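# Survey of secondary and tertiary structure
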Amino acid sequence: MPPVPPQPAIVLVHGAFTDASSWARVISLLHTAGLTVRAPANPLRGLAQDAASIRSVVRDIDVPVVLVGHDYGGAVITHAATDADNVVALCYVAGFGLDTGENVLDITHRFAPVPVADATITAALPTQVPGGPDRELYIRREQFPQVYGADLPSRVKDAMSVAQRPIAHRALTSRSGPPAWASKPSWYAIATADRMLNPTAQRFMAQRMAATEHILDGSHAVMLSQPAAVAAMIREAAERGRGRGDVDVLRQAF
């Protein structure tokens, strides 16, 4: 009998204004399904730097990988997976699937503005690092609950609002390279009640990459408000990727 192909590992990449704990409920469900999960810190300093950080994590994994990105994390996985041979599938959760030469602001400016446009504030970094970012963005604490996760319990969104991880302004203006989704199968969870990334923009990116679409009635924090649906999409990608990983191994062998 031919060997059973290994189950892909799942690497979850968080987006702006939060950290890897935003994946907590999805991680629990994926673990219950028997999947190996990694949720590294996304530096949120600049696209090239952030992609290199995630790429190093992926290269240390000796089985096929499904890369999952939320929000700005979508831009990171798009950039990071282009030369990561063991990445067999990409999953976007209300994420930025950029094309060559695009940046995050190109997408947000192309579509009707959402409330986050008036909710963010820019602050100078307290300590300047040569060659480092000079400004970073936060969401106003009083507006965070409704803008980021209106469908979350009050205690959760209130806690998230005071534990924000800011994103460097240059991360939003960094230009992406050739997109990994052009050569790898992709899935996209469109959050229809998103007030951070216009759902129309999400649908545009999903269709451009010919992704398998999952339409979810949730806020930008859909991975916390609809974790079962997000985990189901990731499991679907992993199951498809399991067969793809086996094919890729055979191609390399011959």
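Attention here is on the structure that accompanies the text. (Residues numbered from 1 in each chain as written. Predicted model: local features only at pLDDT ≥ 70, side-chain atom pairs only at ≥ 80, totals over all residues. Heavy atoms only, no water.)

### Focus: the pairing of strand E1 (residues 9–13)
Selection criterion: Categorising residues by exposure relies on relative accessible area from a 1.4 Å probe, with only protein chains included: less than 20% of the type maximum marks a residue as buried, more than 50% marks it as exposed, and the intermediate range marks it as partly exposed. Only runs of H or I of at least four residues qualify as helices and only runs of E of at least two qualify as strands under DSSP, and these elements are numbered from the N terminus. Here a strand pair is declared whenever DSSP counts at least two bridges between the two strands.
A large share of E1 lies buried, amounting to five of its five residues. The alternating pattern of E1 places Ala9, Val11 and Val13 on one face and Ile10 and Leu12 on the opposite face, and all of these are buried. Sheet analysis places E1 next to strand E3 (residues 65–70), joined by five bridges and oriented parallel. Across the sheet, residue valine 13 finds its bridge partner in E3, namely glycine 69.

### Brief notes about the sheet that holds strand E4 (residues 87–93)
What counts is decided by this rule: We call two residues contacting when some pair of their heavy atoms lies within 4.5 Å. Only the stretch in contact is used when fitting a helix axis, every axis being a line fitted to C-alpha atoms; angles between N-to-C directions are given from 0 to 180 degrees.
In spatial order, the strands read E2-E1-E3-E4-E8-E9; together these six strands make up an open sheet with parallel pairing. Since the sheet does not close on itself, it has two edges, and those belong to strand E2 (37–38) and strand E9 (212–216), each with one partner. Two strands pair when backbone bridges link them, and strand E8 (residues 186–191) and E9 are joined in this way by five bridges, in the parallel orientation. Each residue of the ladder has a partner; that of tryptophan 187, found in E9, is threonine 212. Along the sheet face, helix H3 (residues 72–80) touches E1, E3 and E4 and points at about 145° away from the line of E3.

### Considerations on the pattern of salt bridges
Note the threshold: One speaks of a salt bridge when a side-chain nitrogen belonging to Lys or Arg is within 4 Å of a carboxyl oxygen belonging to Asp or Glu.
Inspection of the entire model under this criterion finds seven salt bridges. Residue arginine 45 pairs with glutamate 136 through a salt bridge whose shortest N-O separation is 3.3 Å. With arginine 45 in the loop between E2 and helix H2 (47–59) and glutamate 136 in strand E6 (residues 135–139), this pair connects stretches of sequence that are 91 residues apart. Across the pair, exposure class does not vary: arginine 45 and glutamate 136 are buried alike. Between arginine 175 and aspartate 106 there is a salt bridge, and its shortest N-O distance comes to 2.4 Å. One end of the pair, arginine 175, is in the loop between helix H7 (169–173) and E8; the other, aspartate 106, is in helix H4 (residues 104–110), with 69 residues separating them in the sequence. Judged by relative accessible area, aspartate 106 falls into the partly exposed class, the value being 26%. Here the salt bridges do not stand alone but share partners, grouping Arg55, Arg59 and Asp83 into one network.

### Things to note about the nonpolar core
This is how the line gets drawn: Only buried residues count toward a nonpolar core, which is a set of Ala, Val, Leu, Ile, Met, Phe, Trp, Tyr and Cys residues joined through side-chain atoms within 4.5 Å.
In terms of nonpolar packing, the biggest core is built from 81 residues, with Ile10 and Leu67 touching the most fellow members. Among the elements that line this core, the one with the most residues is E4, at seven residues. Excluding its chain neighbours within four sequence positions, the residues that come into contact with leucine 67 are Val11, Val13, Ile54, Val58, Ile77, Ala81, Val87, Ala89, Leu90 and Cys91.

### Brief notes about the pairing of E3
The criterion, for reference: Orient the strands so they point away from the viewer; a crossover is then right-handed if the path from the first strand over the helix to the second runs clockwise.
Along E3, six of the six residues are buried, which leaves the element largely enclosed by surrounding structure. Judged by which residues are buried, E3 turns out to be covered on both faces: Val65, Leu67 and Gly69 on one side and Val66, Val68 and His70 on the other are all buried. The sheet contact formed by E3 and E4 spans six bridges and is parallel. Bridging from a neighbouring strand, histidine 70 pairs with valine 93 of E4. Where the polypeptide runs from E3 across H3 and back to E4, its parallel neighbour, the crossover connection is right-handed.

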